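# An overview of the molecular structure
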Amino acid sequence: MAELHVELVAADRQVWSGEASLVVARTSSGDIGVMPGHQPLLGVLQSGPVTIRTTGESGDGTVVAAVHGGFISFADNKLSLLAEIAELSDEIDVQRAERALERAKSEADAAAERRADVRLRAVTGVH
């Protein structure tokens, strides 16, 4: 099976790196799926879950991350996701995210509400 090398990097750290058969991310043009052999691309990431279908030594599986802003770039079967903020779903404290969502709603802070909602969707798998 063909693979692409994926690097998910936040401003402060490397979040995930490995081989994948498919990556789905939200861009300013809509959701995009990237598979091995995809045409080169450069896009602007929007807040949303990123789903990575993993392959290789770690086995087949799925990695989900909450990503907020940044860029996506693909060429020569190498995909780079350069995010302002990114958290893997297993790093997200659900109760804290729920509290943040409620606080954002009560303060009418649309940006904070969107961030909290994306974090919860990354954990629950609802996209």
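Residues numbered from 1 in each chain as written. Predicted model: local features only at pLDDT ≥ 70, side-chain atom pairs only at ≥ 80, totals over all residues. Heavy atoms only, no water.

### Observations regarding the UniProt feature "coiled-coil region" (unreviewed entry) in the protein chain
The feature "coiled-coil region" (unreviewed entry), as given by UniProt, occupies residues 78-121 in the numbering adopted here. Structurally, residues 78-121 is divided into 57% helix and 25% strand, and its ends, taken at the C-alpha atoms, are 26 Å apart. (UniProt positions renumbered as here; feature names shortened; annotations may be inferred. Helix = DSSP H or I, 4+ residues; strand = E, 2+ residues; numbered from the N terminus.)

### Some thoughts on helix H2 (residues 110-124)
For H2, with 15 residues, the first-to-last C-alpha span of 21 Å sits near the 21 Å given by 1.5 Å per residue. Residues of H2 that are buried sit in contact with strand S2 (13-27), strand S5 (48-54), strand S6 (61-75), strand S7 (78-88) and helix H1 (94-106). At the N-terminal end of H2, a side-chain oxygen is found 3.3 Å from the backbone nitrogen of Ala111, two or three residues along, and the residue is Asp109. Just past H2, the residue Gly125 takes up positive phi, approximately 80°. (Expected span 1.5 Å × (residues − 1). Contact = heavy atoms within 4.5 Å. Polar contact = N/O pair within 3.5 Å; in protein donor to acceptor, adjacent residues only side chain to side chain.)

### As for the nonpolar core
If you look at soluble globular proteins, the nonpolar side chains tend to sit buried side by side. Formed by 24 residues in total, the largest nonpolar core has its most connected members in Val6, Leu8, Val23, Ile52, Val67, Leu79 and Leu81. At the level of secondary structure, the elements contributing two or more residues to this core comprise strand S1 (4-10), S2, strand S4 (41-45), S5, S6 and S7. In this view, Leu81 contacts Val6, Glu7, Leu8, Val9, Val23, Ala25, Leu45, Val50, Phe71 and Ile72; residues no more than four positions away in its chain are not counted. In terms of nonpolar packing, the next biggest core, distinct from the first, is built from 10 residues, Ile92, Ala97, Leu101 and Ala116 among them. (Core = buried A, V, L, I, M, F, W, Y, C linked by side-chain atoms within 4.5 Å. Buried < 20%, exposed > 50% of the residue type's maximum accessible area, 1.4 Å probe, protein only.)

### Quick word on the pattern of salt bridges
A side chain with one charge may pair with a side chain of the opposite charge, provided their charged atoms come close. One pass over the full model with this rule turns up four salt bridges. Of the charged contacts in the structure, one is a salt bridge between Arg119 and Glu87, with a shortest N-O distance of 2.7 Å. Of this pair, Arg119 sits in helix H2 while Glu87 sits in strand S7, and the two are 32 residues apart along the sequence. Note on accessibility: Arg119 and Glu87 belong to one class, buried. As a salt-bridge pair, Asp117 and Arg121 come within 3.1 Å of each other at their nearest N and O atoms. In this pair, Asp117 and Arg121 are both assigned in helix H2, four residues apart and thus about one turn of the helix distant. (Salt bridge = Lys/Arg side-chain N within 4 Å of Asp/Glu carboxyl O.)

### Some details on the domain arrangement of the protein chain
Examined at the domain level, the protein chain breaks down into domain 1 (4-89) and domain 2 (92-124). For domain 1 and domain 2, the distance between their C-alpha centroids amounts to 22 Å. Between domain 1 and domain 2, the residue contacts involve 12 residues of the former and eight residues of the latter. Around 800 Å² of area is buried between domain 1 and domain 2 when both sides are counted, 60% of it from carbon and sulfur atoms. Sorting the residues of domain 1 by area buried against domain 2 places His68, Glu87 and Ser89 first, and these three jointly supply 46% of that buried surface. The tally of links from domain 1 across to domain 2 stands at one salt bridge. Elements supplying a minimum of two residues to the side of domain 1 that touches domain 2: S5, S6 and S7. Sort the elements by how many residues they give to the side of domain 1 that touches domain 2 and S6 lands first, with five residues. Per-class residue counts for the side of domain 1 that touches domain 2 are six nonpolar, four polar and two charged. (Domains from an automatic or database assignment. Buried area = accessible area lost by both parts, 1.4 Å probe. Nonpolar A, V, L, I, M, F, W, Y, C, P; charged D, E, K, R; others polar.)

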